[in-house]
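Chain and residue survey
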Amino acid sequence: MTASPDKSPDACKALKSGQTAPLTLLANASLVQWNIPESATARLINVAENSTFLIEADCGFKAILRVHRENYHTELAINCELAWMDALSESGGIRTPEVIPGADGQPVQCFRTSQIPRERFLVMFEFLEGKHPNEHQDLARQFEKLGEIAALAHNQSIRWTRPTPFKRPTWDLETILGPTPIWGKWADAPNVTPDIKSLLERLEATLKDRILRFGTRPERFGLIHADMRLANLLIHNGEIRLIDFDDCGFGHLLYDFAAGVSFIEDSPQMPELKSAWTEGYQKIRQMSQSDKMEMGSFVMLRRLALLAWIGSHMDAPEPQALAPDFANGTATLAEAYLIKFG
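Summary of the structure given here. (Residues numbered from 1 in each chain as written. Predicted model: local features only at pLDDT ≥ 70, side-chain atom pairs only at ≥ 80, totals over all residues. Heavy atoms only, no water.)

A few words on the overall build of the chain. A tally of helices and strands in the chain yields nine helices and 11 strands. Over its C-alpha atoms the chain spans a radius of gyration of 20 Å, differing by no more than 12% from the 20 Å that the globule rule assigns to 342 residues. Structurally, the chain occupies a C-alpha span of about 60 × 45 × 40 Å along its principal axes. Looking at the chain as a whole, 56% of its 342 residues are labelled buried. Restricting to contacts in the chain with at least 6 residues of sequence separation, those with at least 24 account for 75%. Put simply, the chain shows about 15000 Å² of open surface, and 50% of that area lies on carbon and sulfur atoms. One finds the centroid of the 35 positive side-chain charges in the chain at a distance of 3 Å from the centroid of its 44 negative side-chain charges. (Helix = DSSP H or I, 4+ residues; strand = E, 2+ residues; numbered from the N terminus. Rg over C-alpha atoms; globule rule 2.2 N^0.38 Å. Buried < 20%, exposed > 50% of the residue type's maximum accessible area, 1.4 Å probe, protein only. Contact = heavy atoms within 4.5 Å. Areas by Shrake-Rupley, 256 points an atom, 1.4 Å probe, with all protein chains shown as cover. Lys, Arg positive; Asp, Glu negative; His and termini not counted. Charge placed at Lys NZ, Arg CZ, Asp CG, Glu CD.)

Below, the structure is given as structure tokens:
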């Protein structure tokens, strides 16, 4: 999970300069690998799963550079991500950032420095104009459009003939709640008290039961964005643009709705947002009554994944800011869910 590429550098203030300086040096030194203006410089704008830099030059040139976290995705997996982004732009009706290939024509570059001796993967994207939806405003119309985009992406991913080999992570019960989850165990997150742990264990058991019965038929499970939240949307002249496919992989299609409401699951607008997303989705692709019934289950599955993510990424600013209240908020949501389904 990476946050939006146009965040202020203030987003990185929670990190000590000594932690980010080697990455910034690497990013600036690596720019020789692209045919971009010589005056271009890299400025760190976000640190989460990866490190994101804004590239700017005196002539007005702008781009986004993503420096991948070490040992997270393979080069094959990154190329598969980029292939799906291209396919969505070409035939899926969804605007995604274009990749700026290196001088050697390759989309994925490798670079290292004396301070970071192990090679990192890097990808440069075009800079897309746009603003993020404001979660403090009426979001119903934006979520209706988001539902449409999710349905377009799902239709395209179902009919798309993927390149082979194709490798992306899977987001399911095993990789979120299993013994070796991708983002770690939610029980290890900050402020998970014994009482909260007991409650969330009941939640986990209920989720496993309901989602296993829901199943993984092709119309319910496939290639998804997996992080289709407000921070990864840009609105420009009425057009919604989808960015940050770093988490894209295989999962339940409804997980894209759950990702869309990440960090605002307790908003008073949630019923309205769910209704708007569903209405937008069904303009493109039908949903069954079972789909609609289980939307809340995937919201809670995602919430447990986010709790684990916070616990395993406490070196980054966003998890640090969320950590004090997130476990308690998750418990409150779990109580409401279990009253209804448990």
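Read on for the rest.
Right, let's get into the side chain of glutamate 49. For glutamate 49, the location among the structural elements is in the loop between strand S1 (41–47) and strand S2 (51–56). Among the polar contacts made by the side chain of glutamate 49, one reaches the side chain of arginine 69 at a distance of 3.4 Å. A distance of 3.4 Å separates the side chain of glutamate 49 from the side chain of tryptophan 183, its partner in a polar contact. (Polar contact = N/O pair within 3.5 Å; in protein donor to acceptor, adjacent residues only side chain to side chain.)

Looking now at the packing of helix H8 (residues 289–312) against helix H9 (residues 317–341). The axes of two packed helices give the description: the angle between them and the distance between them. In contact at an axis separation of 9 Å, H8 and H9 are set at 150° when each is read in the N-to-C sense. When the axis of H8 is compared with that of H9, the two are roughly antiparallel. Of the two elements, H8 crosses H9, and the hand of that crossing is left-handed. Contacts from Met293, Gly296, Ser297, Met300, Arg303, Leu304, Leu306, Leu307, Trp309 and Ile310 of H8 reach H9 at Glu318, Pro319, Leu322, Ala323, Phe326, Ala327, Gly329, Thr330, Leu333, Ala334, Tyr337 and Phe341. Partitioning the contact of H8 with H9 into residue classes produces 16 nonpolar, four polar and two charged. (Axes fitted to C-alpha atoms, helices over the stretch in contact; angles between N-to-C directions. Parallel < 35°, antiparallel > 145°, perpendicular 65-115°, else oblique. Left-handed = near helix turned anticlockwise from the far one by under 90°. Nonpolar A, V, L, I, M, F, W, Y, C, P; charged D, E, K, R; others polar.)

Let's shift gears to the side chain of threonine 96. Its location among the elements puts threonine 96 in the loop between helix H2 (75–92) and strand S4 (99–100). You can call threonine 96 buried: its relative accessible area is 1%. At 3.1 Å, the side chain of threonine 96 and the backbone oxygen of methionine 85 are in polar contact. Ignoring any residue separated from it by four or fewer positions in sequence, one finds threonine 96 in contact with Met85, Leu88, Ser89, Glu126, Leu128, Leu242 and Phe245.

It is worth stressing that arrangement in space is one thing and function is another; only the former is reported here.
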